[in-house]
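Analysis of the macromolecular model
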Amino acid sequence: MQLIQETPDLSAYLAADEAIDHHHPLVRERAAKLAKGVANSYEYAQAAFEFVRDTIPHSQDSGDLRVTWRASDVLEQRTGICYAKAHALAALLRAEDIPTALCYQKLDVVHGLVAVRFNGAWHRQDPRGNKPGVDAQFSLDGERLAFTPDPATGEADCPVLYAAPHPVVLDTLKAAVDRPHLWRALPTAL
């Protein structure tokens, strides 16, 4: 699949916004801790991915009723669904000047992930969190995502690389009073 930048300006994929608040002290502190002991930006990106994937439970898997959407809140509360975890990973990567886009898959609902730019190309990564039947891995040599869309059922990869969270996703997260409410309102299209 050909990934399409929403904007040709790479600096947009380094910017902070209300959801990807990479200037927040919690984000900066975590980025600094992750950066210690790594040799390069690739190792940092993998460490940040594994941190979000493995130490911040997906709230549906854990049963956590809280809804997070801002990266700093995801890091502080240690919970979030796929979109929130993607926001946290994007913030950690952008904090270390790694261009990061938000991207989506159309499954039964819209699923959120990120793409990182290395060696002149974008590489999608899925920090959703592993569980039986889900084995997402950081990779620049072929995708190792949590889910593979089934076109026969109407599922698809969305090719657009967004610099900021899609408004449909962000509005849904912000309007949710708890995870059960969020689950009933998850977008099925962008």
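Residues numbered from 1 in each chain as written. Predicted model: local features only at pLDDT ≥ 70, side-chain atom pairs only at ≥ 80, totals over all residues. Heavy atoms only, no water.

Quick look at the overall build of the chain
Inclusion rule: Only DSSP runs of H or I with at least four residues qualify as helices, and only runs of E with at least two residues qualify as strands; both kinds are numbered from the N terminus onward. All radius of gyration figures rest on C-alpha atoms, and the globule criterion is 2.2 Å times the number of residues raised to 0.38. Partly exposed residues are those whose accessible area sits between 20% and 50% of the maximum for their type, while under 20% is buried and over 50% is exposed, using a 1.4 Å probe and protein chains only. By definition in these notes, contact holds between two residues if any of their heavy atoms fall within 4.5 Å. Note that accessible areas follow from Shrake-Rupley with a 1.4 Å probe, and for residues the cover is restricted to the protein chains shown. Positive charges are assigned to Lys and Arg, negative charges to Asp and Glu, while His and the chain termini are left out of the count. Charge placement uses NZ in Lys and CZ in Arg. For Asp and Glu, CG and CD serve respectively.
Along the chain, the regular secondary structure elements total seven helices and six strands. Overall, the chain shows an N-to-C arrangement of helices and strands of β-α-α-α-α-α-β-β-β-β-β-α-α. Against the compact-globule benchmark of 16 Å for 190 residues, the chain has a radius of gyration of 15 Å, which places it among compact chains. Each of the three principal axes of the chain carries a C-alpha extent, and together these read 40 × 35 × 35 Å. Split into buried and exposed, the 190 residues of the chain put 48% on the buried side. Intrachain contacts of the chain at a sequence separation of at least 6 include 61% that bridge at least 24 residues. As presented, the chain carries roughly 8500 Å² of accessible surface, and 50% of it is formed by carbon and sulfur atoms. When the 19 basic and 25 acidic side-chain charges of the chain are each reduced to a single mean position, those positions are 4 Å apart.

A closer look at the packing of aromatic side chains
What counts is decided by this rule: Here a Phe, Tyr or Trp ring, Trp counted by its six-membered ring, pairs with any other such ring whose centre lies within 6.5 Å, and the pair is stacked when the planes are under 30 degrees apart, edge-to-face when over 60, and tilted otherwise.
In this structure the tally under the stated criterion is six aromatic pairs. Between the aromatic rings of Tyr13 and Trp122, the centroid separation amounts to 5.1 Å while the plane-to-plane angle is 65 degrees, which identifies the pairing as edge-to-face. Taken together, the positions of Tyr13 in the loop between β1 (4–5) and α1 (25–35) and Trp122 in strand β4 (residues 121–125) put the pair 109 residues apart, joining distant regions of the chain. The pair Tyr13 / Trp122 is uniform in exposure class, with both members buried. Among the aromatic residues, those joined into a cluster by ring pairs are Tyr42, Phe49, Phe118 and Phe138.

Concerning the pattern of salt bridges
Keep this limit in mind: By salt bridge we mean one thing: a side-chain nitrogen of Lys or Arg within 4 Å of a carboxyl oxygen of Asp or Glu.
Enumeration according to the criterion identifies ten salt bridges in this entry. One salt bridge connects Lys174 with Glu18, and the closest N-O pair in it is separated by 3.0 Å. Here Lys174, found in helix α6 (residues 167–175), pairs with Glu18, found in the loop between β1 and α1; they are 156 residues apart in sequence, far enough to count as distant. Lys174 sits in the partly exposed class, given a relative accessible area of 39%. Across the salt bridge formed by Arg124 and Asp157, the nearest N and O atoms sit 3.0 Å from each other. Of the two residues, Arg124 sits in strand β4 while Asp157 sits in strand β5 (residues 156–157), which places them 33 residues apart along the sequence. Under the relative-accessibility criterion, Arg124 is labelled buried at 2%. Here the salt bridges do not stand alone but share partners, grouping Asp61, Arg128 and Lys131 into one network.

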